[in-house]
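Topology and contacts: notes
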Amino acid sequence: MKVLKFGGTSVGTAESLENVKKIVESINGEAVVVVSALGGLTDKLIATARQAAAGDPGYKTEIEGIRRRHHDIIGRVVPVSRRDAVTAEVDRLLDEMERNYDGVNLLLNLSARTLDVIVSFGERMSSHIVAAMIEDASRYDSLDFIRTEVWFGRSIADMALTEKGIKDVLGHGGYRYAIVPGFISTDRDSGRITNLGRGGSDFTAALIAAALDAELLEIWTDVDGFMTADPRVIPTARVLSHMSFVESMELCSYGAKVIYPPTIYPVFHKNIPIKILNTFNPTAPGTLITDRKGDDGRIATGISSVKDTCLIILHGELTTNVAEINSRTYNALAKNGVSVLLVSPPAQQEAFSFAVAGADADTAVKVLEEEYAPELVDGTLSEIHRQDCLATIAVVGDDLKAYPGLGTRLINTLERAGIRVHAASSGVSETTITLVTGQEDVAEAMRLIHGMLFDNPAE
Ligand code: ADP
Ligand code: ASP
Ligand code: MG
């Protein structure tokens, strides 16, 4: 059996839903089909919640628009015999959603928990529509089996409980096509509605594929496959026919939005291949992601970028004790849920620098000020300096190590074009070279690097 996931644009309009229907109904055998909310709806639900919390009565008009959009789609894609039933179900959800918005508006307060409830309606509604549209489909509610726990204030999947839940609900067959809402989950302790993070429907699908030992995980989206770079940034980016799990993991954790980063781990562990396919061009071959390492002699496989990066630099004599500074810094950050994007070899003597996501920078600095409080007093550490508004570029390929000096060539290319490289490093896996530039330079730097590696690789 296989697991398919259709993203927001794939379920965004009546026309795209017709494609989804054709794709699913042509599958031989059983399948689990995970769906996102209608395209753009999660953003709209969040913006409308903020509007209600700010006391703007216009939120009511937005809810009417959301209701009309769902009714219109139901009217166009669901067979007449099932239309009334699905409309009643969606209306019941919309009424419940509206009561949540009214509460927010009354209290002029939007808590994170209420926002989690509000955004859950997107996938809850779209999954009812898709289930009613497809012949032989049954809907299963992921709120019953995707379980999360709280980790540093965030909800993350409880892998063991979720695996058991999926096996209990979906592991005994009894369906031809099981339609499942992506993204949404339930907190294992409080029973409240949570989610797996923005873009999390990919992860729902991967958790199901891994728990059921599926033969394949298909991610259906709006591009022909995983490309050498984001086609919105690099128009000459081209589709890759194959890449390895590690390459996709690296590119996605450095910003390639095509797959939500945690998605790859569960299927990688079970060695279940992933295929990236285009709902709008279903006969295109797509990209196959497996455990096979880079093959066709390419220097790099792809590039990606993280817009908001902060470089943190520790200065002082203590930084010459590399073992101590590494272990204390990593431990302190990890214990507080901060991950390090890259560690850069020191540009100056008696300095140690690493990068974190902009959103983690305040926590990182606070944690390090506490960790190194004694050294900041006795002077063995003179300063913890931060540099904001930077971006990280990742150049990824299983065979990068066969091209020694590539990092230096990349830096030279950027510096010749007047782009300052603030930090650089090759990852522990040797699959990734990371470069930190100013945010204002990242688009041009990506164009130059893509040109060098993929458009004119001989140069
Ligand atoms: P979905 O709604 O189907 O989950 P997303 O918008 O999350 O779709 O992901 C698909 C988008 O990812 C593409 O439209 C593309 O702009 C973007 N993207 C970023 N990097 C890449 C890449 N390397 N290859 C393909 N698409 C990419
Ligand atoms: N609807 C959610 C989002 O927009 C989850 C997803 O689409 O994967 O983030
Ligand atoms: Mg996505």
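A short tour of the structure in this document, coming up.

**Quick notes on the overall build of the protein**
A count of helical and extended segments in the protein gives 14 helices and 18 strands. A compact globule built from 459 residues should have a C-alpha radius of gyration of about 23 Å, and the protein, at 24 Å, falls within 12% of that. In terms of its C-alpha atoms, the protein occupies a principal-axis envelope of roughly 75 × 55 × 40 Å. Counting only residues that meet the buried cut, the protein has 53% of its 459 residues in that class. Looking at the protein alone, contacts between residues at least 24 apart form 77% of all its contacts between residues at least 6 apart. In the form shown here, the protein has an accessible surface area of approximately 19700 Å², with 51% of it arising from carbon and sulfur atoms. Side chains of the protein carry 44 positive and 62 negative charges; the gap between the two charge centres is 5 Å.

**Regarding the site of ligand 1**
Taken together, 16 residues are adjacent to ligand 1, and Lys5, Thr221, Asp222, Met227 and Arg232 come closest. At a separation of 2.7 Å, an oxygen atom of ligand 1 approaches a polar side-chain atom of Arg232. In the model, an oxygen atom of ligand 1 is placed 3.0 Å from a nitrogen or oxygen of the Lys257 side chain. Here ligand 1 loses 90% of its free accessible area of 570 Å² to cover by the protein chains. Its residues assigned to classes, the shell around ligand 1 shows seven nonpolar, four polar and five charged.

**With respect to the pattern of salt bridges**
Charged atoms that come close allow side chains of opposite charge to pair. Taken as a whole, this structure holds 36 salt bridges when the rule is applied. For Lys60, the salt bridge identified is with Glu98, shortest N-O distance 2.9 Å. Of this pair, Lys60 sits in helix α3 (residues 59-77) while Glu98 sits in helix α4 (residues 80-107), placing them 38 residues apart in sequence. Overall, Lys60 belongs to the partly exposed group, its relative accessible area being 33%.

**Notes on the sheet that holds strand β10 (residues 242-244)**
With mixed pairing, the eight strands of this open sheet are ordered in space as β3-β6-β2-β1-β9-β11-β12-β10. Each edge of the open sheet carries a strand with a single partner, namely β3 (137-139) and β10. The mean inter-strand angle of the sheet, taken between neighbouring strand axes irrespective of direction, is 20°. Pairing of strand β1 (residues 2-6) with strand β2 (residues 31-35) involves five bridges; the strand directions are parallel. Following the sheet pairing, Lys5 is matched in β2 by Val34. Helix α1 (residues 14-25) rests against β1, β2, β6 (177-181) and β9 (216-221) of the sheet, and its axis sits at about 175° to β1.

**Things to note about the packing of helix α10 (residues 322-335) against helix α11 (residues 361-371)**
Close contact between α10 and α11 brings their axes to 9 Å; oriented N to C, the two are set at 125°. Between α10 and α11, the interaxial angle falls into the category oblique. In this structure, α10 crosses over α11, and the sense of that crossing is right-handed. Between α10, through Arg328, Thr329, Ala332 and Leu333, and α11, the contact on the second element is made entirely by Ala364, Val367, Leu368 and Glu371.

**Details of the state of the cysteines**
Under the defined criterion, the tally for this structure stands at zero disulfides. In this model Cys310 remains outside any disulfide bridge; the closest cysteine sulfur is found in Cys389, 8.9 Å from its own. According to the relative accessible area criterion, Cys310 is buried, its value standing at 0%. Classification of Cys389 by relative accessible area gives partly exposed; the value is 48%.

**Considerations on the pairing of strand β13 (residues 302-315)**
Within β13, eleven of the 14 residues are buried, leaving the element largely enclosed by the surrounding structure. Where β13 meets strand β16 (residues 383-396), eleven bridges bridge the pair, whose relative direction is antiparallel. Looking across to β16, one finds that Leu311 is bridged to Gln387. With seven bridges connecting them, β13 and strand β15 (residues 351-357) associate as antiparallel partners.

**Concerning the site of ligand 2**
Near ligand 2, the surroundings consist of Ser36, Thr42, Glu123, Phe183, Arg198, Gly199, Gly200 and Ser201. At a separation of 2.8 Å, a nitrogen atom of ligand 2 approaches a polar side-chain atom of Thr42. Between Gly200 and ligand 2, the recorded distance is 3.4 Å, taken from a backbone N or O atom to an oxygen atom.

**A look at helix α5 (residues 112-133)**
In a regular helix each residue adds 1.5 Å, so 22 residues correspond to 32 Å; α5 covers 33 Å between its end C-alpha atoms and thus fits that length. Counting buried positions along α5 yields 18 of 22 residues, so the element is predominantly enclosed.

**Looking at the packing of aromatic side chains**
Aromatic ring pairs are defined here through the distance separating the ring centres and the angle between the ring planes. The full count for this structure, using the stated rule, is seven aromatic pairs. Look at Trp151 and Phe152: their rings are 4.7 Å apart centre to centre, the planes differ by 75°, and that puts the pair in the edge-to-face class. For Trp151, a relative accessible area of 34% puts it in the partly exposed group. You can call Phe152 partly exposed: its relative accessible area is 45%. An angle of 45° between the planes, with centres 5.9 Å apart, marks the rings of Phe352 and Phe354 as tilted.

**Considering the sheet that holds strand β4 (residues 147-151)**
Across the sheet, four strands lie side by side as β5-β4-β7-β8; this open sheet has mixed pairing. If you trace the sheet from one side to the other, it starts and ends with β5 (154-157) and β8 (193-195), each paired once. Geometrically, the sheet is characterised by an average inter-axis angle of 55° between neighbouring strands, direction not taken into account. Examined bridge by bridge, β4 and strand β7 (residues 184-187) share two bridges and lie parallel to one another. Residue pairing for β7: Arg147 is matched across the bridge by Thr186. α5 contacts β7 and β8 of the sheet and is inclined by roughly 75° relative to β8.

Reading guide: rules and limits
Residues numbered from 1 in each chain as written. Chains lettered and ligands numbered in written order. Predicted model: local features only at pLDDT ≥ 70, side-chain atom pairs only at ≥ 80, totals over all residues. Heavy atoms only, no water. Helix = DSSP H or I, 4+ residues; strand = E, 2+ residues; numbered from the N terminus. Rg over C-alpha atoms; globule rule 2.2 N^0.38 Å. Buried < 20%, exposed > 50% of the residue type's maximum accessible area, 1.4 Å probe, protein only. Contact = heavy atoms within 4.5 Å. Areas by Shrake-Rupley, 256 points an atom, 1.4 Å probe, with all protein chains shown as cover. Lys, Arg positive; Asp, Glu negative; His and termini not counted. Charge placed at Lys NZ, Arg CZ, Asp CG, Glu CD. Near = heavy atom within 4 Å. Polar contact = N/O pair within 3.5 Å; in protein donor to acceptor, adjacent residues only side chain to side chain. Nonpolar A, V, L, I, M, F, W, Y, C, P; charged D, E, K, R; others polar. Salt bridge = Lys/Arg side-chain N within 4 Å of Asp/Glu carboxyl O. Pairing = 2+ DSSP bridges. Axes fitted to C-alpha atoms, helices over the stretch in contact; angles between N-to-C directions. Parallel < 35°, antiparallel > 145°, perpendicular 65-115°, else oblique. Left-handed = near helix turned anticlockwise from the far one by under 90°. Disulfide = S-S within 2.5 Å. Expected span 1.5 Å × (residues − 1). Phe/Tyr/Trp six-rings, centres within 6.5 Å; stacked < 30°, edge-to-face > 60°.

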